[in-house]
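Listed here are the chains, written in short residue letters.
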Amino acid sequence: MPALPEVEIVRRDLEKEIVGRRIKDVLVRPGSNAMKIIKRHGRRKEFQELLEGARVDRVERLGRNLVIALDNDRALIVDLGGSAQMRKTSASDGLAPHTHVVLGFTIGGQLRISDPKLTGEVFVVEHGRIAELRAERAAIIDPLESPLAWQQFSSLLERRRASMKELMCDEGFICGLGDIYSDEVLFSAGIRYDR
């Protein structure tokens, strides 16, 4: 699963590339296991109709998920899972293997979502649902969104009974660090992983 810094880099790139663009068409490729990626929607047509004609207002991040807010009071949520990728390409570029969803823009270019292991998910929600999702995640620390002072972090640690490594990898406590970043943070802080 991509760590939080990688998801934030994708978000920033998408923000530069697709904000203000209108979605002309949506292709959910038949025969590509795409229904596993858009499993929350019953049919390809339903998913396509929710997106076509909408303009991208902004690109946000909600934990490890990307939120592409649209001007039609909906948002496209992209969970990259462990193997999904998003790429902004030219329409003339050949489709890479395992490309399941293609968003075409009126000005040109496409946003392609590929996932060889089918671990990601893409779905559309109403804007109101985004606030609910944020409220559900309010207790989880997002180090890029709301950095904590050491005193605050220390008081949160006092309430937990787990090793530091286990706690840093716990998605219910702090999102997006994973194994590698947890090791780096603990090493830089001079704290043993098993403390």
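Just so it is clear, the structure is predicted and the values come from calculations on it, not from any experiment.

**Student:** Could you give an account of the nonpolar core, with specific residues and numbers?
**Tutor:** One broad trend across soluble globular proteins is that nonpolar side chains are buried collectively. Within the largest apolar cluster, 30 residues are counted, with the highest numbers of intra-cluster contacts made by Phe47, Leu51, Ile68, Leu76 and Met86. Counting residues in each nonpolar core, the second largest holds eleven residues, with Phe153, Met168, Ile174 and Leu186 among its members.

**Student:** Outline unusual backbone geometry, listing residues and values.
**Tutor:** Here Asp73, not a glycine, exhibits a phi torsion of approximately 60°, which is positive. Relative to the helices and strands, Asp73 is located in the loop between strand 3 (65-70) and strand 4 (74-79). With a relative accessible area of 53%, Asp73 lands in the exposed category. The backbone phi angle of His98 is positive, close to 70°, even though this residue is not glycine. Its place among the elements puts His98 in the loop between strand 5 (85-89) and strand 6 (99-105).

**Student:** Break down the layout of surface pockets for me, with residues and values.
**Tutor:** If you add up the space inside the largest pocket, you get close to 310 Å³. In terms of lining, the largest pocket is formed by 17 residues, of which the most central are Leu62, Asn65, Asp79, Leu133 and Arg137. Only strand 3, strand 4, strand 8 (121-126) and helix 4 (127-136) provide two or more residues apiece to the lining of the largest pocket. The class makeup of the residues in the lining of the largest pocket is eight nonpolar, two polar and seven charged.

Quick notes on the rules
Residues numbered from 1 in each chain as written. Predicted model: local features only at pLDDT ≥ 70, side-chain atom pairs only at ≥ 80, totals over all residues. Heavy atoms only, no water. Core = buried A, V, L, I, M, F, W, Y, C linked by side-chain atoms within 4.5 Å. Buried < 20%, exposed > 50% of the residue type's maximum accessible area, 1.4 Å probe, protein only. Helix = DSSP H or I, 4+ residues; strand = E, 2+ residues; numbered from the N terminus. 1 Å grid on protein atoms, 1.4 Å probe; cavity = no way out; pocket = protein on both sides within 12 Å on 5 of 7 lines; lining within 4 Å. Points joined across faces, edges and corners; volume = space filled by probe spheres on them. Nonpolar A, V, L, I, M, F, W, Y, C, P; charged D, E, K, R; others polar.

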